[in-house]
Amino acid sequence: MDKTWMFVDRTTSKYDDGVDSFIRFAIVNSDDSNVIRCPCTKCRNAKLLHPNVVKDHLFVNGVLESYTTWFWHGENISSVPIEEKIESDFEVGDGLNTVEMVDAVYRDYETKPDGFVKLLSDAEKPLYSGCTTFNVLSTLVRLYNLKTKHGWTENSFSELLSLIGDILPKENSLPTSIYEAKKTLSTLGMQYTKIHACPNDCILYRKEYENSVVCPKCGLSRWKVMKNHKVKEGVPANVLWYFPPIPRFRRMFGTKEIAKDLTWHDNKRQIDSYMRHPADSPAWKVVDHKWPDFGSEPRNLRLALSADGVNPFSNYSTQYSCWPVILATYNLPPWLVMKRKFMMLTLLISGPKQPGNDIDVYLAPLIDDLKELWEVGVDVYDAYKKEVFNLKAILLWTINDFPAYGNLSGCTVKGYKACPICGDNTVSQRLECSKKISYCGHRKYLPRGHKFRKQKKAFDGNEEHGLPPNPLSGEEVFEKVSGIHNEWGKSKKRKATRNNSDSTLSWKKKSIFFNLEYWKHLYVRHCLDVMHIEKNVCESLIGTILGIPGKSKDGLSAREDLEVMGIRDELQPQKEGEKTYLPAACYNMSRAEKKKFYTTLFELKVPEGYSSNFRNRVSMDELKLNGLKSHDCHTLIQQLLPIAIRGMLPKKVRYAITKLCLFFNALCNKVLDVNTLDGIQEELVTTLCLLEMYFLPSFFDVMVHLTVHLIHEVKLCGPVWFRWMYPFERYMKVLKSYVRKGNNVEGCIAECYIAEEALEYCAEYLKDVSAVGVPRNMNNLSSDDHGIGAGNVKLVDLKLLNQAHQYVLENTNAVEEYKDNISSNMRWISHGPQHQVIKYQGYMINGVRFHTKRHDDEHCYQNSGVSVVANTMLVSSAKDKNPIIVDMWYYGVIEEIWLLDYNALKIPVFKCDWVKNDGGVKVDDLGFTLVDLQRKGHKNDPFIFASQANQVFYIEDPENPKWSCVIENSHEKFGNSSNDDSSDKAMNLHFPAKSIPLVETIVNTLHDDESSYVRLDGEPMYID
């Protein structure tokens, strides 16, 4: 059917003929030939009118150009030719009004036209009579957007609606309660499905079990059983909340800007030897190679799945656990992939019990949709390219903590075969006294001729001639688990039966993901979570060296294991009369060293937003660390721990710990050089062997062992920040905040989620409404650089003002590039600044917050440290005639922040106290940069541009308080800097040591007969 008449001039004969053909078509398909819906630009299909009146409206008001599928007049959506859909779609994301926004979702209302009429009515209804700026829908969207951003409670929001309603004229149409507001907004959100489930996790009541009232596996009723044992029919005992992903994918492509971003990986990604995105990884490229038809369409989606338990009651209950299952889309640019807006909730498994290995039962609806998206695909309209295409999708891997890793993959994650990569070849031994499993044996990963392989005493008393196990491919895993027959349900004593138990020792079920045709061909199917591995390793390491009860891997049982194993006689429990004591190991700190360690953390000041305040984590009375969170452990092991242990412990132990910290720092970089990964792995293996020499076998739990496999996954999958749990854990906190009523946890989450979906959708249409799920940098409150707080106008010393002006002249590009033409800015600069300057206590520039030293002294954070790189002339002596120009680092502290006024332009500069490079800056043998902040220099050149400053912070050196260690704050942005929020920047930390020696320089000094694990100057631990 020709619809091109809708886009031509209304005075032409083509438009006249088109209107007649439309009226005839509408009458034929109408139940009542006397009335049809009017599609003019004012009625917008909301009014039923006589055909002659509709015809007049179409000539007077014009036809609604976005109405290209005549759904309200009997046309089937699927019957519309692709060409017609392409021509008439309107652009979105550019501030269209709410009526046009509603028109864009009318296809979602094919089965519920009454809901669309109500939504359209709200979009057209003015807020009150005579209001031309706001309508009901736009007002609700803006208000609810503020509620979601700032975490207002529902009661406060209801009271706000009531108050605004009282302020507005009496005849206003604003809803007066949160219930009415949600009811309106939910019509813009996507829907969800409630699927009944067996309380024992045996089945879902769908497909062949849809009409069952009793579980065919365990015999429990489908309905809720009350305390008096009466069955409450109609009320399900267990519910799975399913949010179908396919309609949500359609809506993503229905928004122009998002549809454009979904092809970023194909047309804007930088291609070189570095990995910045999963698209740079072999795991992505193998999909393109093995399925070229799929890979040739850049809009086909690459997904990741994460599932984890969340306690919605926080600390009030430790028993309840509901499980959200979330999809992430890797087609997006790096700065959007892990943002809240693009976290797609697909399943919500009801508590209070966790599903455990029976999670496959609940994943079945999602797997069915993923199979459809792979095998058949779905027709989706691309608003950016203005065409309909067949969308397909592939699930690349899952992201979980280690217990959930076992639940989803079907492998064992505890016991002798706990390593899912080594599988049946896991090297482990049971420690009889500690009643734990130890995973040592990392010498297998060393080169064959390495000296550590032949050493006995320093390790377990044996030489090592074995080779590292090869990870199983997906096909090999599939072959192993094919003989396992799954039996679901908590009532089953035996979960699975095996045809050949010898070949499936490390597998407990056949995962449902193998129902996906491509799953067994993927390089990596389940990713190890670096966040939890890093946290566990950090807690074990700190707990052991500090001897924290409950966290230390050292103790009487651990030392008795040495006796059973017949190794390290010097560390075994000793008798002194009737008392038993444990000799000091090389990793044991003395009480004085512990106090120095805790003092360093207690007095620590870091830039705002860098980490939590460690002063609140340290107990100086008990010498304990309390309540460390995952991000605290991240900052500790990435930057702070190597500094906090300076001057403590034997140098070789301190060095090994520092090298382990360096590994995690290198592992977590946002940009990875592929050519360096093998070197990082070699250094790690040697570091683990050093730790085996110094620490007890009880230290090496499975988390420490898993570090040896992390580089392998990086090589295959790309940067870890696309595959760790941090963004998902943050999103779990968002879901927990949705809970308002304890008796219906999942219902609260589901309703709030679809309301936020509606908000995110509306943000693409309404001006000045920013997306909730793509947070702006918390420091970047304005798009412009600006002073923080109220500035003070001061008359400054003329000598200092001349120094500042001279610096501006010497470093302004307009002056450096001056030849024949004089720019306007240069003319103003040449006149010099006004004698009065504006002084600030803080300044925001390039998304980084700076403060003066005086301001920092009054607060618990440190934002005054700066460094700058400058060209410096070096000479060997006064007679040197061949000086060289090099880049040199200068370190200092901001004393004052000036805004120089050159009338037509204002230039912010920092007046700093600089450390004298000669004698005030040094680099030690481990590569740490140390500065003496009391040794000041460069007093005649104190100024720099604010834009030149790199933020650093200083930590007093525990080894020598005269010196301070320099740590560079991670303030660089990735990709689209305006969208890189502070939570991402805080994860990418620079290692404080810039030139730490290779491990081999230490290895070559070690000998087999050296008692490197004993600390002769240590304090023994007496056992009560």
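Cut-offs used in this document
- Numbering of residues starts from 1 in every chain and runs along the sequence as written.
- For a predicted model such as this one, the threshold for reporting local features is a pLDDT of at least 70, and the threshold for listing and counting side-chain atom pairs is 80 or more; totals across whole chains, interfaces and linings nevertheless cover every residue.
- Values reported for side chains reflect all heavy atoms of the structure, with hydrogen atoms and water molecules removed beforehand.
- By the criteria applied, helices consist of DSSP H or I runs no shorter than four residues and strands consist of E runs no shorter than two, each listed in order from the N terminus.
- Relative accessibility decides the category of a residue: with a 1.4 Å probe and only protein chains considered, values under 20% of the type maximum give buried, values over 50% give exposed, and everything between is partly exposed.
- Residue contacts are defined here by distance: any two heavy atoms, one from each residue, within 4.5 Å place the two residues in contact.
- Throughout, the Shrake-Rupley method with a 1.4 Å probe supplies accessible areas, and for residues the shown protein chains are the sole cover considered.
- Like charges within 9 Å and nonpolar side chains (Val, Leu, Ile, Met, Phe, Trp, Tyr) within 5 Å are joined into patches, using only residues over 30% in relative accessible area that form no salt bridge.
- One side-chain nitrogen of Lys or Arg within 4 Å of one carboxyl oxygen of Asp or Glu is enough to make a salt bridge.
- For this count, His and the chain ends are skipped, Lys and Arg are scored as positive, and Asp and Glu as negative.
- Where a charge lies is defined by one atom per residue type, namely NZ (Lys), CZ (Arg), CG (Asp) and CD (Glu).
- Nonpolar core, defined: a set of buried Ala, Val, Leu, Ile, Met, Phe, Trp, Tyr and Cys residues in which side-chain atoms within 4.5 Å join the residues together.
- A pair of strands is treated as paired once DSSP finds two or more bridges between them.
- Whenever a helix is involved, its axis is fitted only over the stretch in contact; in every case the axis is a line through C-alpha atoms, and angles between N-to-C directions fall within 0 to 180 degrees.
- Put simply, two rings from Phe, Tyr or Trp (the six-membered ring, in Trp's case) pair if the centres are within 6.5 Å, and we call them stacked under 30 degrees between planes, edge-to-face over 60, tilted for the rest.
- Working rule for angles: under 35 degrees goes down as roughly parallel, over 145 as roughly antiparallel, 65 to 115 as roughly perpendicular, anything else as oblique.
- Charged means Asp, Glu, Lys or Arg here, nonpolar means Ala, Val, Leu, Ile, Met, Phe, Trp, Tyr, Cys or Pro, and polar covers whatever is left, Gly included.
- Scored from 0 to 100, pLDDT reflects the predictor's confidence in each residue.
- Here a crossing is called left-handed whenever its near helix is offset anticlockwise from the far helix by less than a right angle, and right-handed whenever the offset is clockwise.
- For this text, the term disulfide refers to a pair of cysteine sulfurs within 2.5 Å.
- Helix span, as expected, comes to 1.5 Å for every residue beyond the first.
- Polar contacts, as counted here, are pairs of nitrogen or oxygen atoms within 3.5 Å of one another; within protein the pair requires one atom able to donate a hydrogen and one able to accept it, and residues that are adjacent in sequence qualify only if both atoms are side-chain atoms.

(A) Focus on the overall build of the protein. On a plain count of helices and strands, the protein comes out with 34 helices and 38 strands. A burial count over the protein gives 55% of its 1024 residues as buried. Counted over contacts in the protein with a minimum sequence separation of 6, partners at least 24 positions apart contribute 68%. Accessible surface computed for the protein: about 45200 Å², of which carbon and sulfur atoms make up 48%.

(B) The arrangement of a positive patch on the surface in detail. Where like charges cluster on the molecular surface, the positive patch consists of K916, K922, R935 and K962. Along the chain, K916 falls in the loop between strand 31 (906-915) and helix 32 (917-920).

(C) Region of interest: the nonpolar core. In this structure, Y330, L395, F513, F597, I657 and F695 are the most contacted members of the largest nonpolar core, which totals 209 residues. Not counting residues within four places of it along the chain, the set of residues in contact with F597 comprises L546, M589, L641, A644, I645 and M648. Ranked by size, the runner-up nonpolar core spans 32 residues in total, among them V808, V837, W898 and F945.

(D) Just the sheet that holds strand 24 (residues 786-788), in detail. Strand order in the open sheet formed by three strands is 24-27-28, and the pairing between neighbours is antiparallel. Only two strands of the sheet have a single partner each, and these edge strands are strand 24 and strand 28 (848-851). Averaged over all adjacent pairs, the angle separating strand axes in this sheet is 30°, with direction ignored. Both strand 27 (residues 842-845) and strand 28 contribute to a ladder of four bridges, which runs antiparallel. Paired with Y843 across the bridge in strand 28 is F850.

(E) Just the packing of aromatic side chains, in detail. Under the defined criterion, the tally for this structure stands at 36 aromatic pairs. With a centroid separation of 5.4 Å and 80° between ring planes, the pair formed by F243 and Y753 is classed as edge-to-face. Of the two residues, F243 is situated in the loop between strand 6 (239-242) and helix 9 (245-253) and Y753 in helix 27 (residues 745-763); the sequence distance between them amounts to 510 residues. An aromatic cluster of three or more residues is present, and its members are W5, Y15, F22, F25, F59 and W70.

(F) Up close: the packing of helix 23 (residues 677-694) against helix 25 (residues 710-717). Two numbers describe how helix 23 lies on helix 25: the axes approach to 9 Å, and their chain directions differ by 170°. The angle between helix 23 and helix 25 falls in the class roughly antiparallel. Two secondary-structure elements touch here, helix 23 through L677, D678, I680 and Q681 and helix 25 through I711, V714 and K715. Considered class by class, the residues forming the contact of helix 23 with helix 25 number four nonpolar, one polar and two charged.

(G) Focus on the confidence of the model for the protein. Residues at a pLDDT of 70 or more form 85% of the protein, whose mean pLDDT is 84. A low-confidence stretch, residues 77-97 (pLDDT under 50), is modelled with 46 contacts involving residues beyond four sequence positions or located in other chains. Scored below 50 in pLDDT, residues 814-820 makes six contacts in the model with residues more than four places away or belonging to other chains.

(H) Summary view of the packing of helix 6 (residues 136-150) against helix 8 (residues 178-185). Packing of helix 6 against helix 8 brings their axes to within 11 Å, and their N-to-C directions diverge by 110°. In terms of orientation, helix 6 lies roughly perpendicular with respect to helix 8. Handedness of the crossing formed by helix 6 with helix 8: left-handed. Residues L137, L140, V141, Y144 and K147 of helix 6 pack against I178, A181, K182, T184 and L185 of helix 8. Across the contact of helix 6 with helix 8, the residue classes tally to seven nonpolar, one polar and two charged.

(I) Structural view of the state of the cysteines. Going through the model one piece at a time under the given rule, you end up with zero disulfides. In this structure C218 is not part of a disulfide, and its nearest cysteine sulfur, from C198, lies 3.5 Å away. C218 gets classed as partly exposed once you look at its relative accessible area, which sits at 25%.

(J) Structural view of the sheet that holds strand 6. Taken in spatial order, the seven strands make up an open sheet running 3-6-10-9-8-13-18, and their pairing is mixed. Edge positions in the sheet fall to strand 3 (193-196) and strand 18 (526-527), since each has one partner strand and no second. Here six bridges tie strand 8 (residues 301-307) to strand 13 (residues 393-399), and the two strands are oriented parallel to one another. Each bridged residue has a counterpart across the sheet, and for L305 the counterpart in strand 13 is T398. Helix 9 rests against strand 6, strand 8, strand 9 (323-329) and strand 10 (344-349) of the sheet, and its axis sits at about 165° to strand 10. With respect to the sheet, helix 15 (residues 359-375) is in contact with strand 3, strand 6, strand 8, strand 9, strand 10 and strand 13, its orientation differing from that of strand 10 by roughly 150°.

(K) Looking closely at helix 28 (residues 798-811). With 14 residues, helix 28 extends 20 Å between its outermost C-alpha atoms, agreeing within 8% with the 20 Å of an ideal straight helix rising 1.5 Å per residue. When we look at burial in helix 28, the residues that qualify are L801, Q803, A804, H805, Y807 and V808. With a side-chain oxygen lying 3.0 Å from the backbone nitrogen of K799, the N-terminal cap of helix 28 falls on D797.

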